[in-house]
Amino acid sequence: YWNKEFELGQQLKHPNLLRYMEMEEDAMIMEKGNYISLDQFLYENPSFVTNSSEVERIINEILNALNYLHTQGIYQYDLTPHSILLTRSGKSVRLMGACSFYEPLRFKLWPSSTEYAAPELREENTALNAKTDIYAVGKVIEFIFSFCKTPYRYAAVIKRATKIDPQNRYESIRAMKSVINRRE
């Protein structure tokens, strides 16, 4: 399993994905850098969310990485503010473990993921898909705006992305992104 993830990870080329560098006997070596998790960055820099252009850029980088993964048939299982890395300066996003789930696996939730995991993943035999990632990224965006008042445009996106029924969520990350980037 790990060898397959590593091989696939090395093939992915996107500026917002943490690169897979080497495979050792019992570990994968990922790209090195001066990174901090999104949640820790926001706890240390709560005023960051007042810079709307920077927040939009961060959200778009997350969505761009997810959209790229989806075009490769890859879905992110553990998408949380802790699994999203930023450079210490906050100037670039990297998703961790992007190749962890490259096929329609069925499994139990990890305890760290439950707050961000789509409700259907709590049921047995539910496979990952674009809508499970849409739910998770909606919860991540909700977390980002927990540090300030959520702009109306984002409140509407969060509401639709985190619908209990997957059929009521956006069809794709691209569709979600187009709503976010639409200017009134």
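The residue numbers shown here count from 1 along each chain, following its written sequence. The predicted origin of the model limits local features to residues at a pLDDT of at least 70 and limits the giving and counting of side-chain atom pairs to 80 or more, whereas totals for whole chains, interfaces and linings rest on all residues. Derived side-chain values reflect all non-hydrogen atoms in the structure, with water molecules and hydrogen atoms excluded from consideration.

(A) Main features of helix 5 (residues 152–161). Three or more residues of helix 5 are buried, namely Arg153, Tyr154, Val157, Ile158 and Ala161. All buried residues of helix 5 fall inside an arc of 130° around its axis, so they share one side. Facing away from the buried side of helix 5 by over 90 degrees, the exposed positions are Tyr152 and Lys159. In this scheme, a residue with accessible area under 20% of its type's maximum is buried, one over 50% is exposed, and one in between is partly exposed, where area comes from a 1.4 Å probe on protein chains only. Here a helix means four or more residues in a row that DSSP labels H or I, a strand means two or more in a row labelled E, and each is numbered from the N terminus. The arc in question is formed by the directions pointing from the helix axis toward the C-beta atoms.

(B) Broad picture of the pairing of strand 4 (residues 84–87). Residues of strand 4 alternate between two faces, with Ile84 and Leu86 on one and Leu85 and Thr87 on the opposite face, all of them buried. In this structure, strand 3 (residues 35–37) lies alongside strand 4, joined through 3 bridges in antiparallel fashion. Looking across to strand 4, one finds that Tyr35 is bridged to Thr87. In short, DSSP must find at least two bridges between two strands for them to pair. Pairing of strand 4 with strand 5 (residues 93–95), which is carried by 3 bridges, proceeds in the antiparallel orientation. Looking across to strand 5, one finds that Leu86 is bridged to Val93.

(C) Representation of the packing of helix 5 against helix 6 (residues 173–181) in the model. As a packed pair, helix 5 and helix 6 sit with axes 9 Å apart at the nearest point and diverge in direction by 160°. It follows from the interaxial angle that helix 5 and helix 6 lie roughly antiparallel. Considering the relative orientation of helix 5 and helix 6, their crossing is right-handed. Here Arg153, Tyr154, Val157 and Ala161 of helix 5 lie close against helix 6, whose contacting residues are Met176, Val179, Ile180 and Asn181. Axes, fitted as lines to C-alpha atoms, cover a helix only where it is in contact. Angles between the N-to-C directions of the axes lie from 0 to 180 degrees. These descriptions rest on fixed angle ranges, namely under 35 degrees for roughly parallel, over 145 for roughly antiparallel, 65 to 115 for roughly perpendicular, and the rest for oblique. By convention the crossing between two helices is left-handed if the near helix lies anticlockwise of the far one by an angle smaller than a right angle, and right-handed if it lies clockwise. In what follows, residue pairs with any heavy atoms lying within 4.5 Å of each other are defined as contacts.

(D) Here's a closer look at the sheet that holds strand 3. Here 3 strands make up an open sheet; going across it, the order is 3-4-5 and the pairing antiparallel. The open sheet has two free edges, formed respectively by strand 3 and strand 5, since each of these has just one partner strand. Taken pair by pair, the neighbouring strands of this sheet meet at an average axis angle of 35°, ignoring direction.

(E) How the structure looks around the packing of helix 4 (residues 130–144) against helix 5. Closest axis-to-axis distance for the helix 4/helix 5 pair is 8 Å, and the angle between their directions is 145°. Considering how the two elements wind past one another, helix 4 and helix 5 form a crossing that is left-handed. Contacts between helix 4 and helix 5 involve Ile134, Tyr135, Gly138, Ile141 and Glu142 on the former and, on the latter, Tyr154, Ile158 and Ala161.

None of this, on its own, says anything about what the molecule does.
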